[in-house]
Protein chains: 2
Amino acid sequence: MSDYTKILLEESEMPTRWYNVVPDLPTPPPPQLHPGTLQPATAEDFEAMFPKALIAQEMSQERYIDIPEEVLDVYRLWRPSPLFRARRLERLLGTPAKIFYKYEGVSPAGSHKPNTAVPQVWYNAQEGIKKLTTETGAGQWGSSLAFACAQFGLECEVWQVAASYRAKPHRRTMMEIWGGKVHPSPSDLTEFGRSLLAKDPDHPGSLGIAISEAVSEALEDKDTRYALGSVLNHVLLHQTIIGEEALLQLAKVGETPDLLVGCTGGGSNFGGLAFPFLREKLAGKINPVIRCVEPTACPTLTKGQYRYDFGDTAGLTPLMKMHTLGHSFIPEPIHAGGLRYHGMAPLVSHIYDLGLVEAIAIPQTECFAAALQFARSEGIVPAPEPTHALAATIREALACKESGEEKVILTALCGHGHLDLASYDKYMSGEMEDLDLSDEVIAAAMASVPNLA
Amino acid sequence: MSDYTKILLEESEMPTRWYNVVPDLPTPPPPQLHPGTLQPATAEDFEAMFPKALIAQEMSQERYIDIPEEVLDVYRLWRPSPLFRARRLERLLGTPAKIFYKYEGVSPAGSHKPNTAVPQVWYNAQEGIKKLTTETGAGQWGSSLAFACAQFGLECEVWQVAASYRAKPHRRTMMEIWGGKVHPSPSDLTEFGRSLLAKDPDHPGSLGIAISEAVSEALEDKDTRYALGSVLNHVLLHQTIIGEEALLQLAKVGETPDLLVGCTGGGSNFGGLAFPFLREKLAGKINPVIRCVEPTACPTLTKGQYRYDFGDTAGLTPLMKMHTLGHSFIPEPIHAGGLRYHGMAPLVSHIYDLGLVEAIAIPQTECFAAALQFARSEGIVPAPEPTHALAATIREALACKESGEEKVILTALCGHGHLDLASYDKYMSGEMEDLDLSDEVIAAAMASVPNLA
């Protein structure tokens, strides 16, 4: 293997278990709380929202969970995904660093999201559920769930943030191709939606609002459940197939990473890549720096607080201890729609609080500049979200050029940008601005966080 | 290999030679003619347009041509491409047929076009050329050439059919991401363009017109050459890596095709898949039926005539003997932009004339219906062009269901439809119509074909 660009795995080499990081952590993550009693939430508290099997995964203490054969069978449509050595980017930068990227854009929906959409739909189908509801911003998650529902014959109803619904009709079309039904959010289909439209008929919506609508719709029908595309433990669990594959692929070429870099929105792409490597690190086998990268316009880890907060705007979800900017926070319309969420996965928040990973925030114009360097050397046009990871990777590679270090950098290219070209157009025409949040805006949003001791 | 979805090749298994079908044909294809003298064109006749190495390939009688190492190195960004067994589509149709599809949407530009864009740019770079001009319709070819030019540091200037330039701004953005410069065609940059705009300032353009503009621009500068994305022998030559890989992949699972199906626009995707299998057929090793599929709105093979005609509207190219609807033909705006060309590759026309392959035409609504069945089972959203091949594949698979035959069908899914979702939206909303050409329209267009004995 002296000369290679892609490192592939055979289908027979695909991992058959997901990895649960919880039992390996030095201290357990804080429990989710029932919003009424403020006591630790029980499995029953979740049953109107999720199927029992996923609730069990959400609370599991098992280190490994077998992937069902029917799920593996759908994964095979695009998995194992390739690991690339970015030789052409290295050459462009003139860096001695070795850059590897795990590419999830090969999935039908074009991102890592189907890794969890497929098992979520399958477990729901096993329990006789007929319909799933969900929210989506830019549309990556909604289209992934629609694809997965088509695989197992479930109905799929999606509340898409109204601003995106209007600005990005093509993602809606993609959801409809796979049989999904799409509503702009806020909608007149839910009480919460109607209350918002009464105040502002042109309400742009937010992820938190769309979650509230999708959840409330699921709560009303016994054959309907809700599905979330990030944040929760079971979602991050399903994404660990990314990191497990990457471990096998790096081993094939005899490399161990000095640095892991992932973008963080809700945290599922980052957790999926990082947790299997964190396991090896906690076991003393490797010692990479693990770095989260978030947008300066939504700096959950670097400027939020580690507090109990709601996952949605209306306050329907259990309280989760997480890094949050406040559930009333409505991020500015930066282009990385998948990174515009007020909170961070409780598991990612916990390991950040433990000092096991670090975090930085990068402004979007630096991210798009990195994306052009990447596209012109490696060919792939990245989604706006992973351009944050690419920008951080390039920063590190240029530091290696200064220092002469031959660091091995591993990053996750979690999706392609084929449906985000309007953002590139805005950047290239000089119309994109960087948005920094003032401390006042953050303080105002933080006021919505419940005051729990 | 009793259970698999994808059949992959290692990078080390990637073919290192292109296959030239010409020396294996029972009769040689008719020569191209100089438009002035009507004598067979010489290498010199092409030198203002193409680099010497590509002209040599255009006229080559060698059976195999080595792929340069630098080209292989770029191919490795996405090649070898996967061959899929469409098990989920088979199950949906309830067919005993085995359906295989070779997927070229994994390339950076999302189609098979980079297979020839990369070597075309490399050979030009070797001869010191600084800039390439080209035409593009929907934008697949223009973006592929822009990507390839970025790899080797050449400038890229693209004339995009004005109707597509206006309706599909995202493909333009993609070309610009890779550093390409894009003009709507007709443009005020060429004499021919200005003459058309004088008559109609809102002229929608056509591929033939855009070719005329790109060629005339190349002829004016000694450091600029022109690049064509289909039709010519050397383009089909470069695409044979598709079929060579597919042969290796089918051999891995012990299958031989009973039927090959490919969509035909200019003919390069079809030729790329079919020629290596045709070689095996002519050698008596296998005996598949080989079928071209074209749109009823541009039925070059099934309703055109096998005549000498120009490749462009202004008549700047050599005369090629090909199935043509007449170089003045402007196809209706069906959604498969890549299949809207008045002519057919001379090599495909010749083997069709020899009876080595057959052809059918399919209306577009049947194609989009097939695309939805495919997307909902196999996951991938196909480009409008290969939906023609999918529709023909499904016709055959359903015939097998009737007859009980376990035919092995191989088709080429030459690109994804991520930038063609507006067409799907039109289909799903019931606004798409089938367009059949009347004999009168065809007769009128045929009047532009030169009368050569």
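Note: the structure precedes this text.
Chemist: Please explain the relation of the copies chain B and chain A as it appears in this structure.
Modeler: One copy of the chain maps onto the other through a rotation about an axis plus a displacement along that axis. With an axial shift of 0.0 Å and an RMSD of 0.0 Å, the rotation relating chain B to chain A amounts to 180°. Taken together, these values place the two copies in the relation of a two-fold axis. Measuring from the rotation axis to each C-alpha of chain B, the shortest distance belongs to B:His418, at 3.1 Å. Looking at the interface residues of chain B, 100% of them are also at the interface in chain A, so both copies use one shared face.

Chemist: I would appreciate a short explanation of the interface of chain B and chain A in the present structure.
Modeler: Accessible area lost during the coming together of the parts is what is often quoted as the interface size. Chain B puts 47 residues into the contact, and the matching count from chain A is 47 residues. Remark: the boundary between chain B and chain A carries seven salt bridges. Measuring nitrogen to oxygen at the nearest pair gives 3.8 Å for the salt bridge that ties A:Arg172 to B:Asp425. Where chain B meets chain A, there are 25 residue pairs in polar contact (both at pLDDT 80 or more). Contributions of two or more residues to the side of chain B that touches chain A are made by helix H2 (69–75), helix H3 (87–93), helix H5 (140–152), helix H7 (169–177), helix H14 (364–378) and helix H16 (421–428) of chain B. Broken down by element, the residue count for the side of chain B that touches chain A peaks at six residues, all from H7(B). Residue composition of the side of chain B that touches chain A, by class: 23 nonpolar, nine polar and 15 charged.

Chemist: Where do I start with the sheet that holds strand S9 (residues 224–226) of chain A in this structure?
Modeler: Backbone hydrogen bonds are what pair the strands of a sheet, in a parallel or an antiparallel way. All names here are of chain A. Across the sheet, four strands lie side by side as S8-S7-S6-S9; this open sheet has parallel pairing. At either end of the open sheet lies a strand with only one pairing partner, and these are strand S8 (181–185) and S9. For this sheet, the mean inter-axis angle between neighbouring strands, taken without regard to orientation, is 25°. Note: strand S6 (residues 131–136) against S9, three bridges, orientation parallel.

Chemist: What is the right way to read the packing of aromatic side chains from this model?
Modeler: How two aromatic rings sit relative to each other is set out by the distance from centre to centre and by the angle between their planes. According to the stated counting rule, one finds 22 aromatic pairs over all chains in the structure shown. Ring geometry for B:Phe50 and B:Tyr226: centres 5.9 Å apart, planes at 45°, overall tilted. Of this pair, B:Phe50 sits in the loop between strand S2 (17–19) and helix H1 (52–58) while B:Tyr226 sits in strand S9 (residues 224–226); the two residues are 176 residues apart in sequence, bridging distant segments of the chain. Pair check on accessibility: B:Phe50 and B:Tyr226 agree, each one buried. These aromatic residues form a ring-pair network of at least three members: A:Tyr75, A:Trp78, A:Phe147 and A:Trp178. The ring of A:Tyr19 carries A:Arg279 above its face, with NZ or CZ at 4.6 Å from the centroid.

Chemist: Explanation requested: the side chain of B:His342 in the structure shown.
Modeler: Residues and elements named next belong to chain B. As for its placement among the helices and strands, His342 is situated in the loop between strand S13 (319–324) and helix H13 (346–353). Polar contacts involving the side chain of His342 include one to the main-chain carbonyl oxygen of Phe310, which spans 2.8 Å. Leave out the neighbours within four places in its chain, and His342 touches Thr300, Asp309, Phe310, Gly311, Asp312, Met322, His323, Thr324, Leu325, Gly326, His327 and Phe329.

About the cut-offs
Residues numbered from 1 in each chain as written. Chains lettered and ligands numbered in written order. Predicted model: local features only at pLDDT ≥ 70, side-chain atom pairs only at ≥ 80, totals over all residues. Heavy atoms only, no water. Least-squares fit on C-alpha atoms with pLDDT ≥ 70 in both. Contact = heavy atoms within 4.5 Å. Salt bridge = Lys/Arg side-chain N within 4 Å of Asp/Glu carboxyl O. Polar contact = N/O pair within 3.5 Å; in protein donor to acceptor, adjacent residues only side chain to side chain. Helix = DSSP H or I, 4+ residues; strand = E, 2+ residues; numbered from the N terminus. Nonpolar A, V, L, I, M, F, W, Y, C, P; charged D, E, K, R; others polar. Pairing = 2+ DSSP bridges. Axes fitted to C-alpha atoms, helices over the stretch in contact; angles between N-to-C directions. Phe/Tyr/Trp six-rings, centres within 6.5 Å; stacked < 30°, edge-to-face > 60°. Buried < 20%, exposed > 50% of the residue type's maximum accessible area, 1.4 Å probe, protein only. Lys NZ or Arg CZ within 6 Å of the ring centre and 35° of its normal.

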